[in-house]
Amino acid sequence: MDLSFNTEERAFQDEVRGFIAKNLTEEMKRATALTPSVFSDPDIGMAWQRTLHKQGWGAPGWPVEHGGPDWTPAQRWIFETESARAGVPNVNVMGVKMVGPVIIGFGSPEQKNFYLPRILSGEDYWCQGYSEPGSGSDLSSLKTRAVRDGDDYIINGTKIWTTHAHHANRMFALVRTSDGPRQQDGISFVLIDMNAPGITTRPILTIGGDHEVNQVFFDDVRVPVANRVGEEGKGWTYGKYLLEFERGSGIASAKLREGLKAIAELAESDLTGRAIDSPDIATRISEVEVDIDALEMTELRVLSALQTGQNPGAVSSILKLRNSEIRQAVTRLGADVIGHDALAVEPMRPLYRLNHEPAMPEEMLTVVPEYLNGRAYTIFGGTSEIQRDIIAKMMLGI
Amino acid sequence: MDLNLSDEQRLLRESAERFVAGSYDADHRRKMANDPLGFSPAVWKQFAELGWLALPIAEEFGGLGGGAVEIGILTEAFGRGLVSEPYIATVVLGAALVERCGGTVQKQAILPKVADGSLKLAFAHSERAARFDLAKVATIANKTAQGWRLSGSKVAVLDGHAAGEIIVSAHIHDYQGPSGRIGLFLVPAKTPSVAVSDYERLGGGRACNIELSDVQLPQAALLGDGHDALPAIEWAVDRAMAALDAEAVGIMQVLLETTLEYTKIRKQFGRPLSANQVIRHRLADMAVQVDESRSMALRAALKVDANPVERARAASGAKAKIGRCARFIGEQSIQLHGGMGVTEELEVGAYFKRLVAFDTLFGGSAHHYGRHAQLGRNVVPA
């Protein structure tokens, strides 16, 4: 066993570091640091996507024939870790990490040829149409309906929690095409042009003060049958495949560590009156750091299993559960570390383009919004309660 | 980067698990609990034959040159069976201190005997007033014309009653007075003025308190050349904690499996306990914490040879985290077994008690989160 990387892997690490150092602008870095929601705004995120694409790194997890870089699991880990350390913007994961793998796995040749290059280049910006007002954790109870009319489906219904629907030109969605004996039957996976007539988008502000999610309404929206991925009625299978990716992309510890580092630096600074001198704060920083160490080791164990072709099993639910809980512990700690400044609200967005002097030092601007918005981590992508159900069922057989 | 077991490591795991499953059942454990020695000399002999006592010792002294990962593979299996043989005291602590601090003659005299099973060791360091601070040693070793004169009180000495040689730490006072250095001294069992009072240890095995009253030792009793032994003590204890971490993982895994099985067969209100979501989620949390503990134990083992600060932070972080998980899993295992869980009729209690002992040994969670924080002051996490 060996925790260190080999010569080729270290060379790759240097390559990634060099690439990021050369291409990541100060503006992108500052904008990312000052984004208190999960995703970067598209102008920032897509600029980075184009940069990656030019290097051939636009879609790390894809097979080579569709433009993936053919990295080993260790290389992917190094890439994600170095990206987190350097503070690069979030790219449009709904495209690269969610719908991309589904199109590659189940899409038609025409769909692959049309959509995949546009995801890579950043030409398309995707959003995810899964949850509905009446279908949260019980996702397969969804009611948005697609009725066949010649070569089209006519879609009616509504989707909610749609991240960046107000920026996206495309949505992948689960819709009901028939009523089967089980509610999981009769669901289809369709690709929707967000500019189609009959689609309206309502912003939803989250408690941290950010506009990231929306509700989307479909009123007799025509979608060509050719835009269905895979077979009619099999959408649940494809959708679940995607959720595995969403939960288990598996490399979260580096980002958590950067988050904790920022809080630890604040705690050691005069800006917070050296919060770290309180033994309670110092111990809590250690507790969170140790939790990150454990998560990182679990990620590396999974990675080692993947390297030798083993199936890591239901561990993606463990990773999702712990990542979300630790993320919340980091942001909770942050709100306590900044002390008095946790009382101030900065309502303007984006925080990296304020046209006035904020009430607190810039390093603190995201702390409380991140804590507040961060409550969503244990809810989206399958709540912690759902993850525990999955662990009980898949790992423990109960 | 590779965390998969090698073929040799897999074989070691298989043979350790097979041995424990075959030799360590509830009857054996009950017999050992009532045994004045607290373990079986026949089993110790088998450990020697299997090469486990030689495992971490260097090849030049009759060992196999294994590392902390191999020790962890063994101790995890020991945890599954609540093995009570003095493995940590003799092999992980004792032999390591001799190998690191001893002179060649001492190493040649002691290590081959540990490897072949003919000599057991113990490490007498902890003192009541020091709590878990390894640097605090009130025992004094005065330099004399003949050698050394030791006085002091040691507590919680693992398996001291069984050891042929006890390694005792003491502050060295030379003719000029306190030297500021801690020395390690080899004290043979039954040395006059060494009073060993042993007791049954929580969760199996034995430990003892030792009174040293003007104990006369020859010059050669000092391990090595009298350099300050504190760095070696910290290293050895961090290593022992990594071995104990793996043992705790084995114990927790058994408790998870046992409790899971029980909730499937125990029926109340006309259905198995495991049909209730509150029970399923509790078990899911237990499974997550076993997995986290497994990760941390491995991490501590892989960092035993890192630089002292990195090693110590990994050791304390793992001990703190696993201690907390151990309490949760132990307490919840009893809770989910209901009234039967608090009786001696099931073995859940025995496994729980070993976990409580684990959390106490070398300092509990609070102590080690504190040490982790102290060592990390002004060091931004890397």
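A. Region of interest: the overall build of chain B. When its secondary structure is counted, chain B shows 11 helices and 9 strands. The C-alpha atoms of chain B give a radius of gyration of 21 Å, which matches the 21 Å a tight globule of 382 residues would have. For chain B, the spread of C-alpha atoms along the principal axes amounts to about 80 × 50 × 40 Å. Every one of the 382 residues in chain B was classed for burial, and the buried ones make up 52%. A separation threshold of at least 6 residues defines the contact pool for chain B, and within that pool the share at least 24 residues apart is 74%.

B. View of the overall build of chain A. Counting secondary structure elements, chain A contains 12 helices and 8 strands. The C-alpha radius of gyration computed for chain A amounts to 21 Å, which stays within 12% of the reference 21 Å derived for 398 residues, consistent with globular compactness. When its C-alpha atoms are laid out on the principal axes, chain A stretches across 70 × 50 × 50 Å. Looking at chain A as a whole, 47% of its 398 residues qualify as buried. The contacts of chain A with a sequence gap of at least 6 include a subset with a gap of at least 24, amounting to 74%.

C. Structural context of the interface of chain A and chain B. Each side of the interface is counted separately: chain A has 38 residues, and chain B has 32 residues. Among the elements of the structure, α8 (253–267), α9 (279–307), α10 (315–337) and α12 (384–395) of chain A are those that each provide at least two residues to the side of chain A that touches chain B. Sort the elements by how many residues they give to the side of chain A that touches chain B and α9 of chain A lands first, with 14 residues.

D. Focus on the domain arrangement of chain B. All names here are of chain B. As assigned here, chain B comprises domain 1 (7–118), domain 2 (122–221) and domain 3 (230–376). Taken together, the contacts link 16 residues of domain 1 with 12 residues of domain 2. If you list the elements that add at least two residues to the side of domain 1 that touches domain 2, you get α2 (26–33) and α5 (87–101). Among the elements that take part in the side of domain 1 that touches domain 2, α5 stands out by supplying 6 residues, more than any other. Split by residue class, the side of domain 1 that touches domain 2 holds 12 nonpolar, 3 polar and 1 charged.

E. Representation of the packing of helix α9 (residues 308–337) of chain B against helix α10 (residues 348–360) of chain B in the model. Residue and element names in this part refer to chain B. The interhelical angle for the contact between α9 and α10, taken along N-to-C directions, is 160 degrees, at an axis separation of 9 Å. Taken together, the axis directions place α9 and α10 in an arrangement best described as roughly antiparallel. Helix-helix and strand crossings are classified by hand; for α9 and α10 the assignment is left-handed. Contacts between α9 and α10 pair Gly-323, Ala-326, Arg-327, Gly-330, Ser-333, Ile-334 and His-337 from the former with Val-348, Phe-352, Leu-355, Val-356, Phe-358 and Asp-359 from the latter.

F. View of the nonpolar core. Residues and elements named next belong to chain B. Within the largest apolar cluster, 221 residues are counted, with the highest numbers of intra-cluster contacts made by Leu-97, Ile-167, Phe-185, Ala-242, Met-252, Ala-297 and Ala-301. Considering each element in turn, this core owes the most residues, 18 residues, to helix α7 (residues 230–265). Leave out the neighbours within four places in its chain, and Phe-185 touches Ala-141, Trp-148, Leu-150, Val-168, Ala-170, Leu-217, Ala-221, Leu-222 and Leu-223.

G. Geometry of the environment of Gly-180 of chain B. Among the structural elements, Gly-180 of chain B can be located in strand β5 (residues 177–188). Sequence spacing of Gly-180 of chain B and Asp-228 of chain B is 48 residues, and the spatial spacing of their C-alpha atoms is 7.9 Å.

H. Region of the structure containing the pairing of strand β1 (residues 121–124) of chain B. All names here are of chain B. On β1, burial covers both faces: Leu-121 and Phe-123 on one face and Ala-122 and Ala-124 on the other are all buried. Judged from the 4 bridges that link them, β1 and strand β4 (residues 165–174) form a sheet pairing that is parallel. Following the sheet pairing, Ala-124 is matched in β4 by Val-168.

I. Spatial organisation of helix α6 (residues 109–121) of chain A. All names here are of chain A. Here α6 contains 13 residues, and its C-alpha end-to-end distance of 19 Å stays within 8% of the 18 Å for a straight helix at 1.5 Å per residue. Within the span of α6, buried status applies to Tyr-115, Leu-116, Ile-119 and Leu-120. On the buried face of α6, the contacting elements are α3 (42–55) and α5 (93–106). Downstream of α6 by one or two residues, Gly-122 has phi in the positive range, about 85 degrees.

J. Spatial organisation of unusual backbone geometry. At the junction of Arg-349 of chain A and Pro-350 of chain A, the peptide bond is cis and its omega measures out at -5 degrees in the coordinates. Mapped onto the secondary structure, Pro-350 of chain A falls in the loop between α10 and α11 (367–373). Of note in this structure, Arg-274 of chain A is not a glycine but carries a positive phi near 50 degrees. As for its placement among the helices and strands, Arg-274 of chain A is situated in the loop between α8 and α9. Unusually for a residue other than glycine, Phe-362 of chain B sits at a positive phi of about 60 degrees. Along the chain, Phe-362 of chain B falls in the loop between α10 and α11 (365–376). On the basis of neighbour count, Phe-362 of chain B is assigned to the buried category, with 21 C-beta atoms found within 10 Å.

K. Here's a closer look at the environment of Leu-121 of chain B. All names here are of chain B. Inspection of the secondary structure assignment puts Leu-121 in strand β1. Leu-121 sits in the buried class, given 28 other C-beta atoms within 10 Å. Once the C-alpha coordinates of Leu-121 and Gly-160 are considered, the two residues, 39 residues apart in sequence, prove to be 7.5 Å apart. If near-sequence neighbours (up to four positions away) are discounted, Leu-121 is found in contact with Ala-89, Thr-90, Gly-94, Ala-95, Val-114, Ala-163, Glu-165 and Ile-167.

L. Main features of the environment of Ala-262 of chain A. All names here are of chain A. Its place among the elements puts Ala-262 in helix α8. The class for Ala-262 is buried, based on 21 C-beta atoms found within 10 Å. On a C-alpha basis, the gap between Ala-262 and Met-94 in space is 27 Å, while along the polypeptide they are 168 residues apart.

M. Structural view of the pairing of strand β1 (residues 126–129) of chain A. Residues and elements named next belong to chain A. The two faces of β1 match: Trp-126 and Gln-128 on one face and Cys-127 and Gly-129 on the other face are all buried. When β1 meets strand β4 (residues 170–176), the two strands line up parallel, connected through 4 bridges. If you follow Gly-129 over to β4, its bridge partner there is Ala-173.

N. Spotlight on the packing of helix α1 (residues 7–23) of chain B against helix α4 (residues 68–81) of chain B. Residues and elements named next belong to chain B. One way to put it is that α1 packs onto α4 with a least axis distance of 9 Å and a crossing angle of 20 degrees. Accordingly, the angle class assigned to the pair α1 and α4 is roughly parallel. Between α1 and α4 the crossing geometry is right-handed. Across the interface between the two elements, Gln-9, Leu-12, Arg-13, Ala-16, Glu-17 and Val-20 of α1 pack against Val-69, Glu-70, Ile-73, Leu-74, Ala-77, Phe-78, Arg-80 and Gly-81 of α4. Class assignment of the residues belonging to the contact of α1 with α4 gives a composition of 8 nonpolar, 2 polar and 4 charged.

O. A look at the confidence of the model for chain B. Mean pLDDT over chain B: 96, with 98% of residues reaching 70 or higher. Predicted complex, confidence summary: ipTM 0.95, pTM 0.96.

About the thresholds
Residues numbered from 1 in each chain as written. Chains lettered and ligands numbered in written order. Predicted model: local features only at pLDDT ≥ 70, side-chain atom pairs only at ≥ 80, totals over all residues. Helix = DSSP H or I, 4+ residues; strand = E, 2+ residues; numbered from the N terminus. Rg over C-alpha atoms; globule rule 2.2 N^0.38 Å. Buried ≥ 20, exposed ≤ 12 C-beta atoms within 10 Å, placed from the backbone. Contact = placed C-beta atoms within 7 Å. Domains from an automatic or database assignment. Nonpolar A, V, L, I, M, F, W, Y, C, P; charged D, E, K, R; others polar. Axes fitted to C-alpha atoms, helices over the stretch in contact; angles between N-to-C directions. Parallel < 35°, antiparallel > 145°, perpendicular 65-115°, else oblique. Left-handed = near helix turned anticlockwise from the far one by under 90°. Core = buried A, V, L, I, M, F, W, Y, C linked by C-beta atoms within 7 Å. Pairing = 2+ DSSP bridges. Expected span 1.5 Å × (residues − 1). pLDDT = per-residue confidence, 0-100.

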